[in-house]
Amino acid sequence: MTQHHRITLLPGDGIGPEIMAVAVEVLKVVGQQLDIEFEFQEALIGGAAIDATGEPLPAQTLEMCRNSDAVLLAAIGGYKWDSLPRNLRPETGLLGLRAGLKLFANLRPAIILPQLIDASSLKRDVVEGVDIMVVRELTGGLYFGEPRGIFATETGEKRAVNTMAYSEAEIDRIGKVAFETAQKRGGKLCSVDKSNVLEVSQLWRDRMTQLASNYPDVELSHLYVDNAAMQLVRSPKQFDTIVTGNLFGDILSDAAAMLTGSIGMLPSASLGESKPGVFEPVHGSAPDIAGQDKANPLAQVLSAAMMLRYGLNQKTAADRIEQAVLQVLDQGKRTGDIMSAGMTQLGCRAMGEALIDALQST
Ligand code: NAD
């Protein structure tokens, strides 16, 4: 029986439309092969939306996203909109989308592909085989806690305050996503906190320990964030799935991602309690190479694979796309950002065609 999924596409700005076009072609081919029907609807976000409507996240865009099974986003932003006030900046559209869809869990894989191992700044034997998933809480913690602000004291000196706060319910819902993610992967979950200093981390650690009894097939460990940062660089292979709060996750997910050495290869997923999730590359809109057919579309394509795996429960389709990516890399095909001696350099479109060939040959 044909399965049907409605996908909202948000190509955004810069290289967004170029890399999105590749991902859509790839999805269409996989859909034909596996009898999955994708209904694509495109909407405006970021600078493109500002130019057309005056706001970075038009109400119509959010409504279309809410009425779909998953959202595939490319990237937003660019020099043209950098001087606008904060509430009219492209980034505000992205924050509005996350808030509007109540996306509280951010999943960022860091996988070292054997073909790109030399792109890492770490030694081969340290990074070979690394396959980590960082699950970051996205809507609570220090970035959203109250009170916050810059206040004048009695002496006239300014004092700035932010608050790190998590409720049991907030910890439990991100914990559930993390344990379930670990179940789908290597069955190991490391919870990162600072419970030797912070009460909010004590509660975090208590709840994670409590939750573990519901997941006897997942092995839970705990690390302080400073040690976790050190271990990520010293011996990253020890990690399978990591769960942590908003601030620590922001920093650790970037550090973990950079073990792989190539920003054009990194996908991400943001999930809420119900559908739809938002799936997008980690990189930005790369205005410096926009419109030149130089962009690496693989992070976008791998984001589409994450959408299939985590948003639409289409594991076989996700596997097929990931295999196609490995196959083109095995063939020595590279975009400029991951180019190395002896390989063949392709533009964005040609990389897309190579992926389609790889899919059709299996
Ligand atoms: P960026 O990720 O866009 O670019 C950083 C560098 O990496 C550039 O040299 C770029 O050419 C290169 N690069 C990035 N993606 C690439 C790809 N797929 N293929 C080849 N090369 C690639 O970050 P930036 O320059 O700091 O920001 C540019 C704009 O993107 C800004 O407006 C920023 O606000 C926005 N941004 C958006 C997101 C998002 O949409 N989630 C994330 C980060 C930055």
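Calculation criteria
Residues numbered from 1 in each chain as written. Predicted model: local features only at pLDDT ≥ 70, side-chain atom pairs only at ≥ 80, totals over all residues. Heavy atoms only, no water. Near = heavy atom within 4 Å. Polar contact = N/O pair within 3.5 Å; in protein donor to acceptor, adjacent residues only side chain to side chain. Areas by Shrake-Rupley, 256 points an atom, 1.4 Å probe, with all protein chains shown as cover. Nonpolar A, V, L, I, M, F, W, Y, C, P; charged D, E, K, R; others polar. Domains from an automatic or database assignment. Buried area = accessible area lost by both parts, 1.4 Å probe. Salt bridge = Lys/Arg side-chain N within 4 Å of Asp/Glu carboxyl O. Helix = DSSP H or I, 4+ residues; strand = E, 2+ residues; numbered from the N terminus.

A.B. asks: Which residues make up the site of the ligand, and what are the values?
C.D. replies: Around the ligand, a shell composed of 19 residues is seen, among which Glu91, Gly284, Ala286, Asp288 and Asn296 lie nearest. Side-chain polar atom of Glu280 to a nitrogen atom of the ligand: 3.5 Å apart, as the coordinates give it. In the environment of the ligand, an oxygen atom lies 2.8 Å from a nitrogen or oxygen atom belonging to the backbone of Ala286. Here the ligand has 810 Å² of accessible area as a free molecule, and 68% of this is covered by the chains. Partitioning the shell around the ligand into residue classes produces nine nonpolar, six polar and four charged.

A.B. asks: Which residues make up the domain arrangement of the protein chain, and what values do they have?
C.D. replies: Its domain assignment divides the protein chain into domain 1 (1–109 + 266–362) and domain 2 (131–258). Its C-alpha centre places domain 1 at a distance of 26 Å from the equivalent point of domain 2. Together, the buried faces of domain 1 and domain 2 total about 1,400 Å²; carbon and sulfur atoms form 62% of this surface. Considering only the surface of domain 1 that becomes buried against domain 2, Phe104, Asn106 and Arg108 emerge as the three largest contributors, covering 48% of it. Counting every contact that joins domain 1 to domain 2 gives two salt bridges. For Arg173, the salt bridge identified is with Glu273, shortest N-O distance 3.2 Å. At the boundary of domain 1 with domain 2, the tally comes to six residue pairs in polar contact (both at pLDDT 80 or more). Listing elements by their share of the side of domain 1 that touches domain 2, those giving two or more residues are strand S4 (105–111) and helix H10 (298–311). Looking at which element gives the most residues to the side of domain 1 that touches domain 2, the answer is S4, with five residues. Here the residues of the side of domain 1 that touches domain 2 are counted per class, giving eight nonpolar, two polar and three charged.

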